[in-house]
Each structure stands twice: as structure tokens, then as C-alpha cells.
Amino acid sequence: WMNLKKFNKLPKDVQNILLESGKKLEIMAAKEINPAWEKKIFSDWKKTPGYTFTKMSDADRKQWAQSIPDTPAEWAAEVTKMGYPGWEIAKRYQEITAQMGHKWIRQWAVKK
């Protein structure tokens, strides 16, 4: 994250370095950092007295996902009002993560 006004004051070559580094970091986060963080969280939770873990069935997960607000749609609408392609970003995020193996049980950021 960076202040856009500060970013725009940087030389173009530095802006490009930051943008390319950010893309590489996002890929690394998806492949390495996020799974390691999730593993640590579950490991810590399992040490908590009284901790139990229940795996929801696919049907229950789908029902739960359908019952909660479409927060990504709210984000996309807000970002679009700021002049950015919010809807396209949300759609592309879901496409990329699906290509990486995530199985979405609900389509998010749906325009109404």
C-alpha cells in the first residue's frame, strides 16, 4: 500500500519497479505466505483448550456463502465511484485464484 500522490511523484522507472514487485509479492503471498499463515493459525488454535474444528459440508458452505452480504460488490461499487475498475478487479481476482486452484462456492461482486 502506498499513498497515490507520493507514488505519482516518483520517477516512472521507480513506479514500474514498485508495480512489478507488487505483482510478484501477490503471487508469492497466494502460493507461500497465505498457506503458511493459515497453517500457523490452525496450529495455534489446536493448542487452545476447548478448541474443536468442524468441517462444513459443501452444501452447508454454499448455504452459508449465499446467506452473507456480497461485501466484494460493495467494495467494487465504491472503488468504481472513485474512477477505478472495481468490478473488473473483483472478477479478475476470482478468475486468477480459480486458475490457481481455489474452488469458489459463490460468485462474488455481482452487479444488481
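Residue numbering note: each chain is counted from 1, following its sequence as written. Confidence filtering applies because this is a predicted model: local features only for residues at pLDDT of at least 70, side-chain atom pairs given and counted only at 80 or more, and all residues used for totals across whole chains, interfaces and linings. The side-chain numbers reported here are obtained from all heavy atoms of the structure, hydrogens and water having been left aside.

Participant: It is not clear to me how the pattern of salt bridges should be interpreted in this structure. Could you clarify?
Facilitator: In the sections that follow, a salt bridge refers to a side-chain nitrogen of Lys or Arg positioned within 4 Å of a carboxyl oxygen of Asp or Glu. This structure, assessed with the given rule, holds five salt bridges. Across the salt bridge formed by R61 and D58, the nearest N and O atoms sit 3.6 Å from each other. Remark: D58 and R61 occur in helix 3 (residues 58-67); sequence separation between them is three residues, near one turn of the helix. Exposure classes here rest on a 1.4 Å probe applied to the protein chains alone. A residue is buried below 20% of its type maximum, exposed above 50%, and partly exposed in between. Under the relative-accessibility criterion, R61 is labelled partly exposed at 30%. Salt-bridge contacts for E95 lead to K91; the nearest nitrogen and oxygen are separated by 3.9 Å. You can see E95 and its partner K91 sitting in helix 5 (residues 86-99), four residues apart, about one turn around the helix. Ionic contacts of the salt-bridge type, sharing partners, join the residues K91, R92 and E95 into one network. Helix and strand assignments follow DSSP, with helices taken as H or I runs no shorter than four residues and strands as E runs no shorter than two, numbered in order from the N terminus.

Participant: Got a minute to help me understand unusual backbone geometry in this structure?
Facilitator: Here A109, not a glycine, exhibits a phi torsion of approximately 60°, which is positive. Tracing the chain through its elements places A109 in the segment after helix 5.

Participant: Is there a simple way to explain the nonpolar core in this structure?
Facilitator: Generally speaking, soluble globular proteins have nonpolar side chains that are buried together. Nonpolar cores are built from buried Ala, Val, Leu, Ile, Met, Phe, Trp, Tyr and Cys residues. Side-chain atoms within 4.5 Å join them into one set. With five residues, the main nonpolar core is built from A73, A76, W87, A90 and A109. Within the residue set of this core, elements represented by two or more residues are helix 4 (71-81) and helix 5. Residues are treated as being in contact if the distance between any of their heavy atoms lies within 4.5 Å. If we ignore the near neighbours within four places in the chain, the residues touching A109 are D70, P72, A73, W87, A90 and Q94.

Participant: Mind showing me how you'd approach helix 5 here?
Facilitator: Working note: α-helix, 3.6 residues per turn, so residues spaced by three or four point in the same direction. Under the convention used throughout, the expected extent of a helix is 1.5 Å for every residue step, that is, one less than its residue count. The end-to-end C-alpha distance of helix 5, which contains 14 residues, comes to 20 Å, matching closely the 20 Å that a straight helix rising 1.5 Å per residue would cover. All buried positions along helix 5 are accounted for by G86, W87, A90, Q94 and T97. When helix 5 is viewed along its axis, its buried side chains cluster within an angular range of 115° and face the same direction. With respect to the buried face of helix 5, the exposed residues turned more than 90 degrees away are E88 and Q99. Of all possible arcs, the one meant is that of the directions from the helix axis to the C-beta atoms.

Participant: Teacher, can you tell me more about helix 4 here?
Facilitator: All buried positions along helix 4 are accounted for by A73, A76 and V79. Considered in projection along helix 4, the buried side chains sweep an arc of 130° and stay on one side of the axis. When the buried face of helix 4 is taken as reference, the exposed residues oriented beyond 90 degrees from it are E78 and K81. On its buried face, helix 4 sits against helix 5. Backbone geometry just after helix 4 places G83 at a positive phi near 100°.

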